[in-house]
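Listed below are the residues making up each chain.
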Amino acid sequence: MTCDELIAHLSSYIDHEIDTELAAEVREHIAGCTNCRVVLDTTQRMIVLVHDEGQRAIPAGQRSALFERLQRTFLDQPPAPEADRSV
Amino acid sequence: MPGPIIDLTIYDSEEQLLAGLRRREPDACACLIKRFAPLVYAQSLRLLGDPDEAESVLQQTFIKACARLDGYEGRSGLGSWLYRIATNEALMQLRRHAPRVALDDVAETIQADEIPQRTTLWSLDPATAALDGELRAELEKALAALPETLRVVFVLREIQGLSTDETAAALGLGESAVKVRLHRARLRLRELLATYMLGH
Ligand SMILES: [Zn+2]
């Protein structure tokens, strides 16, 4: 397996979407190729980092004007049917 | 001028919050927004890459949620329910970009600049790293710098945790297109972050 081939299979390898024969070739290649080993390792780290960061909210304080606008829009919605419509 | 003082403690369970919302209590609306808007906004921004569009998705999400409250059965939790509405809104918004997406007819081809260049190991271990503000900003910047065709697939798969076929269905793409775009997005993001990581 060449470096280019390894890069082409990188994602499928990470997602366990290649057959065992090809996966063995990938492992054999990275055992002997520092560059590809680093690319695989850093790609996996990037995925973890972005996933963790992606679960984070933007602090409300940072965007307080936005959240105030939102609250106003929300409260301007027609009230529940039984509620008084007077403004 | 000080904003309204919101007592978040009066709704200490989701059921109580929901009951307040159904009575259209202003405090309940405020509480819902305080609790969920920051995450809904963050997710919409990552998907759309545009603050104005993310804000409009955020507004539509809460307006729709408000209108559909009576049909909400509470099975999935308020957070994931809102989150699903927001994803649908964001996808609808993305479909309005259709011409821009269609122009990218090379979306399924690896580009020369995606071949890994920086092959130095990162010292940072994501499992133990307490992310500093700078790295957070760098991650968001790198995501925003991805072309839309790649970013959308990446966010749905890696952040929202959709499967390949769910992503394909949501975007009207084939599964192989989803896989290639995810692959390209990963290579690009790795490269974008590598520059930053070298100095850390
Ligand atoms: Zn190699």
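Residues numbered from 1 in each chain as written. Chains lettered and ligands numbered in written order. Predicted model: local features only at pLDDT ≥ 70, side-chain atom pairs only at ≥ 80, totals over all residues.

Asker: Describe the overall build of chain B, listing the residues and the values that go with them.
Answerer: Check the secondary structure of chain B and you find 9 helices and 0 strands. The helix and strand sequence of chain B, counted from the amino end, reads α-α-α-α-α-α-α-α-α. With 200 residues in all, chain B has 36% of them scored as buried. Residue pairs in contact within chain B that sit at least 24 positions apart in sequence constitute 66% of those at least 6 positions apart. (Helix = DSSP H or I, 4+ residues; strand = E, 2+ residues; numbered from the N terminus. Buried ≥ 20, exposed ≤ 12 C-beta atoms within 10 Å, placed from the backbone. Contact = placed C-beta atoms within 7 Å.)

Asker: So what's going on with the environment of His9(A)? Residues and values would help.
Answerer: Residues and elements named next belong to chain A. Along the chain, the position of His9 falls in helix H1 (residues 3–14). In the structure, His9 is positioned 35 residues away from Gln44 in sequence and 14 Å away in space, judged by C-alpha atoms. Apart from the residues lying within four places of it in its own chain, the contact partners of His9 are Ile18, Leu22 and Val26.

Asker: Pulling in residues and values, what's your account of the confidence of the model for chain A?
Answerer: All names here are of chain A. Taken as a whole, chain A shows an average pLDDT of 84; of its residues, 83% reach a score of 70 or greater. Mean pLDDT in chain A bottoms out at helix H4 (residues 64–75), which sits at 79, and peaks at helix H2 (residues 20–32), which reaches 97. With pLDDT under 50 throughout, residues 82–87 is counted as low confidence; its partners more than four residues away or in other chains account for 2 contacts. (pLDDT = per-residue confidence, 0-100.)

Asker: Before we move on, could you go through the interface of chain B and chain A and cite the residues and values that matter?
Answerer: Each side of the interface is counted separately: chain B has 40 residues, and chain A has 37 residues. At the level of secondary structure, the elements contributing two or more residues to the side of chain B that touches chain A comprise helix H2 (26–48), helix H3 (51–68), helix H6 (133–145), helix H7 (148–159) and helix H9 (175–198) of chain B. When its residues are assigned to classes, the side of chain B that touches chain A shows 26 nonpolar, 5 polar and 9 charged. (Nonpolar A, V, L, I, M, F, W, Y, C, P; charged D, E, K, R; others polar.)

Asker: Before we move on, could you go through the packing of H2(B) against helix H4 (residues 78–95) of chain B and cite the residues and values that matter?
Answerer: Residue and element names in this part refer to chain B. For the pair H2 and H4, the least separation of the axes is 10 Å and the interaxial angle reads 30°. The angle between H2 and H4 places the two elements in the roughly parallel class. Crossing of H2 over H4 shows right-handed handedness. Contact with H2, carried on its side by Phe36, Val40, Gln43, Ser44, Leu47 and Leu48, involves Leu78, Gly79, Leu82, Tyr83, Ala86, Ala90, Gln93 and Leu94 of H4 and no other residues of that element. Partitioning the contact of H2 with H4 into residue classes produces 10 nonpolar, 4 polar and no charged. (Axes fitted to C-alpha atoms, helices over the stretch in contact; angles between N-to-C directions. Parallel < 35°, antiparallel > 145°, perpendicular 65-115°, else oblique. Left-handed = near helix turned anticlockwise from the far one by under 90°.)

Asker: Describe the nonpolar core, naming the residues involved and giving the relevant values.
Answerer: The tendency in soluble globular proteins is for nonpolar side chains to be buried side by side. Residues Leu32(B), Ile33(B), Ala37(B), Leu58(B) and Val153(B) are the most contacted members of the largest nonpolar core, which totals 53 residues. Counting residues per element, this core draws most heavily on H2(B), which supplies 14 residues. The residue makeup of this core includes at least three contributed by each of domain 1 (8–95) and domain 2 (99–198) of chain B. In terms of nonpolar packing, the next biggest core, distinct from the first, is built from 7 residues, Leu6(A), Val26(A), Cys36(A) and Val39(A) among them. (Core = buried A, V, L, I, M, F, W, Y, C linked by C-beta atoms within 7 Å. Domains from an automatic or database assignment.)

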